[in-house]
Amino acid sequence: MKSKFTRISNWVVVPRDYILCPLCRRPHSLRKCRRFLCLPYEIRIDFIENEKICRNCLGPDHSVRHCPSKDSCQKCHRNHHSILHYYDKRSDSVLLEMTAMVYVAEFEEEEGVLWRIKMNPSQMYSSVAAWSVYKIPSLAKIKLFPATINVYIWARFEGGEKNKLKVQLKVVDQSMERTPKVPLKKENILERVKKVNIADVDFWHPGYAPITLGADVAKSIYIGAPKTNPALPMSQCTIFGWTFFGHVERKDIKEKDHKKDK
């Protein structure tokens, strides 16, 4: 006789008629999944397409064209779910955060994967966004992630592998925005600094940084005190290279290309 229950992990069993979330495999619909709601917009769209989920009702096994639901986006009334509505978050005020391109691996002798990370000494612990853990090969197929993971992080510069930093990351379900929010004029900033090793060569370009190194590893990261310059954001030397942070002046923000919007 076929069981009326299904096992979704070693310790969780639910009735077969429960709706299982296609992302976290818990008994709730995708639109109520906290992890899905925390995903950046582009990652949500990629997941919907890869899993062949309807953009309109977020149901399985059919496309928007064949969606039985008569509902539409409550914000723009187009054929997609309201939680897939896109917002243009451009602003005249831009806060630059400390970022770096580094190698990350779960094991000390493992070949590293290039990640973009943030450094935030005001955050008490180091963390990693749950949606990004799939980038670690040994965890790629795990649906129910652990509460914490240990990784090794090192600089992308030659010789960086000799100084690997072991970090415990708390896996968190939290929303994430690109940093910086809009493109900057990197030439304006770089021409006003001396030739230094920059931790993130794409610091000017909006992108996601799923890992945040917090106060728990601050002593192992920062070299010296931050430097100030009236014509620049603040700068800080780290084991990964120089980083820039602080408010960016309007003259250093790229103007929106309105031609692309037509």
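Every residue gets a number counted from 1 within its own chain, in the order that chain's sequence is written. For this predicted model, a pLDDT threshold of at least 70 governs which residues receive local features, and a threshold of 80 or more governs which side-chain atom pairs are given and counted, while totals over whole chains, interfaces and linings are taken from all residues. Remark: hydrogens and water are excluded; side-chain values derive from all non-hydrogen atoms of the structure.

**Q** So what exactly am I meant to see when it comes to the overall build of the chain here?
**A** Counting from the N terminus, the helices are DSSP H or I runs at least four residues long and the strands are E runs at least two residues long. Of the regular secondary structure elements, the chain holds four helices and twelve strands. Per-residue burial over the chain gives 42% buried out of 262 residues. Expressed as a percentage of contacts within the chain between residues at least 6 apart in sequence, the contacts between residues at least 24 apart total 57%. Only protein chains enter the area calculation, which uses a 1.4 Å probe; residues under 20% of their type maximum are buried, those over 50% are exposed, and those in between are partly exposed. We call two residues in contact whenever any of their non-hydrogen atoms come within 4.5 Å of each other.

**Q** Just to check I follow, could you spell out the nonpolar core for this structure?
**A** Counting residues in each nonpolar core, the largest one holds 27 residues, and the members touching the most others are Leu213 and Phe240. Where this core is concerned, the elements lending two or more residues are strand 4 (99-105), strand 5 (113-119), strand 7 (148-155), strand 8 (165-172), strand 9 (211-213) and helix 4 (218-221). Here Leu213 is in contact with Ile117, Lys118, Met119, Asn120, Ser126, Ile153, Val167, Leu169, Ile221 and Phe240, once residues within four sequence places are set aside. Among buried residues, those of type Ala, Val, Leu, Ile, Met, Phe, Trp, Tyr and Cys that are joined through side-chain atoms within 4.5 Å constitute a nonpolar core. Formed by 18 residues, the second largest nonpolar core is a distinct cluster that contains Cys21, Phe36, Ile48 and Leu84.

**Q** So what exactly am I meant to see when it comes to the pattern of salt bridges here?
**A** Side chains carrying opposite charge are able to pair once their charged atoms draw close together. One side-chain nitrogen of Lys or Arg within 4 Å of one carboxyl oxygen of Asp or Glu is enough to make a salt bridge. For the structure on display, the rule yields four salt bridges. Between Lys118 and Glu97 there is a salt bridge whose closest N-O contact spans 3.5 Å. In this pair, Lys118 sits in strand 5 while Glu97 sits in the loop between strand 3 (94-96) and strand 4, placing the two residues 21 residues apart along the sequence. Overall, Lys118 belongs to the partly exposed group, its relative accessible area being 21%. Of the charged contacts, one joins Asp200 and Arg116 as a salt bridge, the two residues approaching to 2.7 Å between their closest N and O atoms. Taken together, the positions of Asp200 in the loop between helix 3 (186-190) and strand 9 and Arg116 in strand 5 put the pair 84 residues apart, joining distant regions of the chain.

**Q** I keep staring at the sheet that holds strand 11 (residues 234-238) and nothing clicks. Help me out?
**A** In a beta sheet, neighbouring strands are held together by backbone hydrogen bonds and run either parallel or antiparallel to one another. Within the open sheet, the four strands sit side by side as 3-12-11-10. Their pairing is antiparallel. Here the strands that pair on one side only, and so sit at the sheet edges, are strand 3 and strand 10 (222-227). Across this sheet, the average inter-strand angle for adjacent strands is 20 degrees, counted without regard to direction. Two strands are counted as paired when DSSP detects at least two bridges linking them. Of the pairings in the sheet, the one linking strand 11 to strand 12 (residues 241-248) comprises five bridges and is antiparallel in character. Bridge pairing links Cys237 to Trp242 in strand 12. Where helices are involved, their axes are fitted lines through C-alpha atoms of the stretch in contact, as for all axes, and angles between N-to-C directions lie from 0 to 180°.

**Q** Sorry, what's going on with the packing of aromatic side chains here?
**A** The description of an aromatic ring pair rests on the distance of the ring centres and on the angle between the ring planes. Centres within 6.5 Å make a pair out of two Phe, Tyr or Trp rings, where for Trp the six-membered ring is used; the pair is then stacked when the planes are under 30 degrees apart, edge-to-face when over 60, and tilted otherwise. Applying the stated rule across the entire model yields three aromatic pairs. Centre to centre, the rings of Phe36 and Phe47 are 6.2 Å apart; their planes meet at 55 degrees, and the pair counts as tilted. Within this pair, whereas Phe36 is found in helix 1 (residues 34-37), its partner Phe47 is found in helix 2 (residues 41-50), the two being separated by eleven residues in sequence. The exposure class of Phe36 is buried, given its relative accessible area of 0%.

**Q** What exactly am I supposed to notice about the sheet that holds strand 5 here?
**A** Taken in spatial order, the six strands close into a barrel running 4-5-9-6-8-7, and their pairing is mixed. Here the strands of the sheet are splayed against their neighbours by 45 degrees on average, with no regard to which way each runs. In the sheet, strand 4 pairs with strand 7 via four bridges, with the strands oriented antiparallel. When the bridges of strand 7 are listed, Val104 appears paired with Ile153.

**Q** Mind showing me how you'd approach unusual backbone geometry here?
**A** A negative phi angle characterises most non-glycine residues, just as the trans form characterises most peptide bonds. At the junction of Thr179 and Pro180, the peptide bond is cis and its omega measures out at -10 degrees in the coordinates. Position of Pro180 relative to the elements: it lies in the loop between strand 8 and helix 3. The residue Lys52 is not glycine, and still its phi comes out positive at about 55 degrees. Along the chain, Lys52 falls in the loop between helix 2 and strand 3. Not every positive phi belongs to a glycine, and Asp61 is a case in point at roughly 65 degrees.

**Q** Explain the pairing of strand 12 here, please?
**A** Put simply, side chains in a regular strand alternate between the two faces of the sheet. Across the eight residues that make up strand 12, a large majority, seven, are buried. Strand direction decides the pairing type here: strand 3 and strand 12, joined by three bridges, are antiparallel. Considered in strand 12, the bridge of Leu96 is made with Gly246. Hairpin connection from strand 11 to strand 12: two residues lie between these consecutive antiparallel strands.

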